[in-house]
Each structure stands twice: as structure tokens, then as C-alpha cells.
Amino acid sequence: MYEFDWSSIPGALPFLWQGMQRTLEITAVAIVVGIVLGTLIALLRLSRNWALSNLAAIYVNGFRSVPLVMVLLWFYLLVPQLISNLVGRPAIDIRLLSAFVAFALFEASYYAEIIRAGIQSVSRGQVSAGLALGMTSGQTMRLVVLPQAFRRMVPLLLTQAIILFQDTSLVYVIGLAEFFGVAYNTGNRDGTLVEMLLFAGAVYLMISFCASMLVRALQAKLAS
Amino acid sequence: MISIRKVSKWYGEFHVLKQCSSEIAGGEVVVVCGPSGSGKSTLIKCVNGLEVFQEGEILVNGVSLCARNTNLSKLRSQVGMVFQHFELFPHLKVIQNLTIAQCKVLGRRNEEATEKALKLLKMVDLSAHAQKFPSQLSGGQQQRVAIARALAMDPVAMLFDEPTSALDPEMIKEVLDVMVILAKEGMTMMVVTHEMGFAREVANRIIFMDHGEIVEDRPKTDFFRSPGTDRAQQFLSKILSHNV
């Protein structure tokens, strides 16, 4: 019978908390940048300009067709080179920066598709009404279509954020000490890998579950 | 006020509008009728450039829709439009529906826009509903808000695209009443509708369309007394048997 040894958890808690802050940082940056960039890409994708629309399609399909781990590694190998060529060695942790960039760009491709669908779900008549009042097409998009589209998309955007939150654990491949990485390293060091991973899993489960409940509550509120 | 000159439009192979021409003078009320699929809605949407056409020309208040230097948004802000399905903005309160374009398009201050909006809501008898969302109103109320929203822009003419077709019968009258008031105040109006009672009461002229053509364009008394064509005759006998 396997004897569980939970003794290394209490001592590791401060580091785990630091790791969790990293995790949340990456998640937050990826959500914010991903939604802003995703909206831009969705608008390009829907634009009547053939070249712009295709460019956006290539971006979206490109990122959605490669594994996230690979994107992370590419950016880890690429971004530091680029940045030190441009501005010299930056002050910020290069691994964290490359994780920010990789997640933001990767998530943008997923958010772009959600947002595109949201924009298309707003009826043509609403666009006509905006235009008929003398709004430009930009104003119609900003004042009429996007507010309605985002309202409908909130549950989907949050669901994507939950997936993203879990996916951040992948940054352990570039040696960044986020929550999962800290748990893994501590477990490895103390020979309590199984316990640490079980604990980490329980934390992910709890946070994601609570967030899911929130999404469901929101959905119910939106439906009413 | 509105000149439609030999306008033709195609959807791919399908010829939707065939050489349509008409003149609508300031203060005139023109009712456009005809069987479904005859191109009435398409024609009225061409007048404010919501639909493009391939041939011909439309002038509104002396400004050509087709000219390269025409500011289409500005022109549309001067022509009010009321849609079959109301198209109120569901994420905005009634009062905001009436102020948003005033502020963002005409650059009015919020107080000024609100004052104008409240005055118009009073005219359509909906003052009590200013702070509600469109979804909390009945269809007839929503359509009256939509009329007020268009009027808030101080338009020189109003276009109505089947304004009562999506309404329950008991709500049609409240919308038509507002339109009658407008007509009597001298608003230039182009109205696509099957409401022949409305046409008899306030229209100056009737345009009858069929298969994308303007078949008749005559003063209403002539039109109702003796339609000049068999097609108009048939159409009238069909709808008048239920609609007097």
C-alpha cells in the first residue's frame, strides 16, 4: 500500500502562491490582449477587403493548427533573440515575456473565432438601422453591433478563459516557475511528486469548477 | 425632394428593379404597394442607399446618391427610416435609442438630445416608457419608438418599409395614427404598405409595383376609382376584399 506523504506541501505553500500569481498573470494578459487582438482579427476577417480577410484567416487557421506547446517553445527561442537584437537585454524575465506573447497571440486566434461568430449573430437589420440613422459603418460596429455581440459572447469568452487558465501549466516546458512548475519541481526535489501533483490538480479543479459555476450563473442571468 | 430616375437593380441574374422612375415633392405622401416580391422594399431601401443599384440615379434634396463626393452617412441622417421589424437597439434604453444618433452623428449635447427625445416620446404617447428596454414594450409601442427615433434626427423625409406588417392587428392602428399625424403635419413620406385605409386617408399618390416595375403612379382618387391596368385591378380586388 502506497503511503502518502503530504509533509512537503506546507513548506512549499509560499512558493506555490507565487507560482499561482504567475499563472494568473499569464492568464490575465492572454485574456486582455487576446480579446483586443481577437476583435481586430475578427473585424479583418469580416472585412470586404479580400487581402485583409485572407490574412486574418491565415492567422487564425495557422495558430489553431499547431499545438500550443510548440508555439510556446518557438516564442521562447525566438522572442529573446528578437528583443535583444532590437533593444538589448530587457529587464523583465525573458521566459515570462515569451510566455505572455505566445499565449496572447495563440489565444487571439481562438477569441477571434468566438468574436466573429458573435458579430455575425447580430442581425443585418441592426446594421441597417444604424446606417439609416446616419452612423458610419465604424460607428455602427462600435455602438450597435459589438455591444450586442459581446453580451451574447460572455459565457463563451469565459469558458475559453477557463481552458486558457489550465493550459498555462504548459509553460513548464520553458522552465517558468508558475503554479504547476513549482508543484512539479518541489515534488521532484522532495520525492513527493504524486502528492504535489494531486494537490496541484485539486487546486486547478477547484478554481476551474468555481469559474464554471460563475459562467453558468451568468448564462442563466443572460437568458432571462 | 426625392427623384428616382430610371433605377435598375440586379441580384446576380435576377432583375429586381426595372427602370423605375418617380418624383416625390416636398410634403407629399406616396404609398407604394404591390404583391410580395415586386421590389417595393428594395426600391425604398435604394432611396437612402441601404441597397445599391446598378443603373439610374436617385436624388434626395438635390443630392445624388451615386455621386462620388456624396457623404452617404450625412444624407442618411437626413432621411428617416422605419423598418418592418422595428430594429430598435436592444442593449439601449428607449431614451438612449432616441439620443444615440443625435449625439454621435449630429453632435448634439446630451441634454439637448434628451429634451428632443422626451418631446418626441410624448408625441407618440410613450413618455412613461423612456427608461425601459425595447424588449419590455409591445410591438406597436416599439414601432412608435422607432418612428420617434427617426424623427429625432429632424429628417427632411421619412421612409416606411412595411411598418405594420409585423404587428398584431390590434396594434396596427396606434402606429398608423402616428403616421397620419406626421402626414398631416406636412412630412414628406414614402410608405411601403398594404394598409389601403391609410392610403385612402392621407396619401397623395399611389405607386403600384409588380415584377420590379412601377406599373402605375397616379393620384390616389384615380387609382382607387379605376386602376389603369389589369394587374393593379387584380391586386386591389384581392386585398380590398379583406381590407376596407
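Preceding block: the structure.
Predicted model only: the values in this text are computed from it and were never measured.

A few words on the overall build of chain A. Each helix and strand counted, chain A has eight helices and zero strands in total. Start at the N end of chain A and walk to the C end: the helices and strands fall as α-α-α-α-α-α-α-α. When its C-alpha atoms are laid out on the principal axes, chain A stretches across 70 × 50 × 30 Å. Buried positions account for 33% of the 224 residues belonging to chain A. Long-range pairs, those at least 24 residues apart, make up 72% of the contacts in chain A with a sequence separation of at least 6.

Okay, the overall build of chain B next. Along chain B, the regular secondary structure elements total nine helices and ten strands. In summary, chain B has a C-alpha radius of gyration of 18 Å against a globular reference of 18 Å for 244 residues, a match within 12%. Judged by the C-alpha coordinates and their principal axes, chain B covers about 55 × 45 × 30 Å. The long-range share in chain B, meaning contacts at least 24 apart out of those at least 6 apart in sequence, stands at 65%.

Moving on, we get to the sheet that holds strand S10 (residues 213-219) of chain B. Residues and elements named next belong to chain B. Spatially, the six strands line up as an open sheet ordered S6-S7-S8-S3-S9-S10, and their pairing is mixed. Strands with a single pairing partner mark the edges of an open sheet, and in this sheet they are strand S6 (79-82) and S10. In this sheet, neighbouring strand axes are inclined to one another by 15° on average, regardless of whether the strands run parallel or antiparallel. Pairing geometry for strand S7 (residues 157-161) and strand S8 (residues 188-192), over five bridges, is parallel. By the bridge assignment, Ala 157 is partnered in S8 with Thr 188.

Listed by partner, the interface residues are 18 residues for chain B and 16 residues for chain A. Looking at the side of chain B that touches chain A, the elements that each hand over two or more residues are helix H2 (72-77) and helix H3 (94-104) of chain B. When residues in the side of chain B that touches chain A are grouped by element, the largest group, four residues, is from H2(B). Looking at the side of chain B that touches chain A, its residues break down into nine nonpolar, five polar and four charged.

Where a protein is soluble and globular, its nonpolar side chains tend to be buried together. Within the largest apolar cluster, 114 residues are counted, with the highest numbers of intra-cluster contacts made by B:Val32, B:Ala148 and B:Met190. Among the elements that make up this core, the one with the highest residue count is helix H4 (residues 94-120) of chain A (eleven residues). Core analysis: the next-biggest nonpolar cluster, separate from the first, contains nine residues, A:Phe180, A:Ala183, A:Met196 and A:Ala200 among them.

Turning our eyes to something else, we now look at the packing of helix H1 (residues 8-46) of chain A against helix H7 (residues 179-190) of chain A. All names here are of chain A. Two numbers describe how H1 lies on H7: the axes approach to 7 Å, and their chain directions differ by 155°. Classified by the interaxial angle, the pair formed by H1 and H7 is roughly antiparallel. H1 and H7 meet at a crossing whose hand is right-handed. For the pair H1 and H7, contact is made by Ser 8, Ala 12, Phe 15, Leu 16, Gly 19, Met 20, Arg 22 and Thr 23 and by Phe 179, Gly 181, Val 182, Ala 183, Thr 186 and Asp 190, respectively.

Turning next to the sheet that holds strand S1 (residues 2-11) of chain B. All names here are of chain B. If you trace the four strands from one edge of the open sheet to the other, you get S2-S1-S4-S5, paired in antiparallel fashion. The two strands at the open ends of the sheet, each matched to only one other strand, are strand S2 (14-24) and strand S5 (63-64). In this structure, S1 lies alongside S2, joined through seven bridges in antiparallel fashion. Pairing of Trp 10 across the sheet is with His 15, part of S2.

The next point concerns the packing of H7(A) against helix H8 (residues 193-223) of chain A. Residues and elements named next belong to chain A. It is the contact of H7 with H8, at a shortest axis distance of 7 Å, that shows an interaxial angle of 160°. It follows from the interaxial angle that H7 and H8 lie roughly antiparallel. Where H7 crosses over H8, the handedness of that crossing is right-handed. On the side of H7, the interface is formed by Phe 179, Phe 180, Ala 183, Tyr 184, Thr 186, Gly 187 and Asn 188, while H8 contributes Leu 193, Glu 195, Met 196, Leu 197, Phe 199 and Ala 200. Within the contact of H7 with H8, the residues separate by chemical class into nine nonpolar, three polar and one charged.

We now examine helix H3 (residues 68-87) of chain A. Count 3.6 residues to each turn of an α-helix, and residues three or four apart come out pointing the same way. All names here are of chain A. With 20 residues, H3 extends 27 Å from end C-alpha to end C-alpha; this agrees with the ideal 28 Å at 1.5 Å per step. Of all the bends in H3, the largest measures some 25° and sits at Leu 78, one to four residues before the proline Pro 80. Along H3, the positions that sit buried rather than exposed are Leu 72, Phe 75 and Tyr 76. Contacts from the buried residues of H3 go to H4.

A few words now on the environment of A:Ala51. Within the fold, A:Ala51 resides in helix H2 (residues 50-64). Judged by local crowding, A:Ala51 falls into the exposed class, with 9 C-beta atoms found within 10 Å.

Thresholds applied
Residue positions are given per chain, counted from 1 along the sequence in the order it is written. Lettering for chains starts from A, numbering for ligands starts from 1, and both go in the order in which the items are written. A pLDDT threshold of at least 70 governs which residues receive local features in this predicted model, and a stricter bar of 80 or more applies before side-chain atom pairs are shown or counted, although totals over entire chains, interfaces and linings include all residues. Comment: elements are numbered from the N terminus, with helices defined as DSSP H or I runs of at least four residues and strands as E runs of at least two. Burial is judged by counting other C-beta atoms within 10 Å of a residue's own C-beta: 20 or more means buried, 12 or fewer means exposed, and anything between counts as partly exposed, with every C-beta placed from the backbone. Placing a C-beta atom from the backbone of each residue, one calls two residues in contact when those atoms lie within 7 Å. The quantity called the radius of gyration is restricted to C-alpha atoms. Its globule counterpart is 2.2 Å times the number of residues to the power 0.38. Only strands that DSSP links by at least two bridges are regarded as paired with each other. Note on geometry: axes are C-alpha line fits, over the in-contact stretch for helices, and angles between N-to-C directions span 0 to 180 degrees. Residues are grouped as follows: nonpolar covers Ala, Val, Leu, Ile, Met, Phe, Trp, Tyr, Cys and Pro; charged covers Asp, Glu, Lys and Arg; every other residue, Gly included, is treated as polar. By definition, a nonpolar core groups buried Ala, Val, Leu, Ile, Met, Phe, Trp, Tyr and Cys residues that connect through C-beta atoms lying within 7 Å of each other. Every angle not falling under 35 degrees, over 145, or within 65 to 115 is termed oblique; those three ranges are roughly parallel, roughly antiparallel and roughly perpendicular. Two helices that cross are described as forming a left-handed crossing if the nearer one is turned anticlockwise from the farther one by less than a right angle, and a right-handed crossing if clockwise. Helix span is expected to be 1.5 Å times the residue number reduced by one. Here the bend at a residue is taken as the angle between two axes, fitted respectively to the seven residues that end there and the seven that start there.

Function cannot be inferred from these measures alone, as they are strictly geometric.
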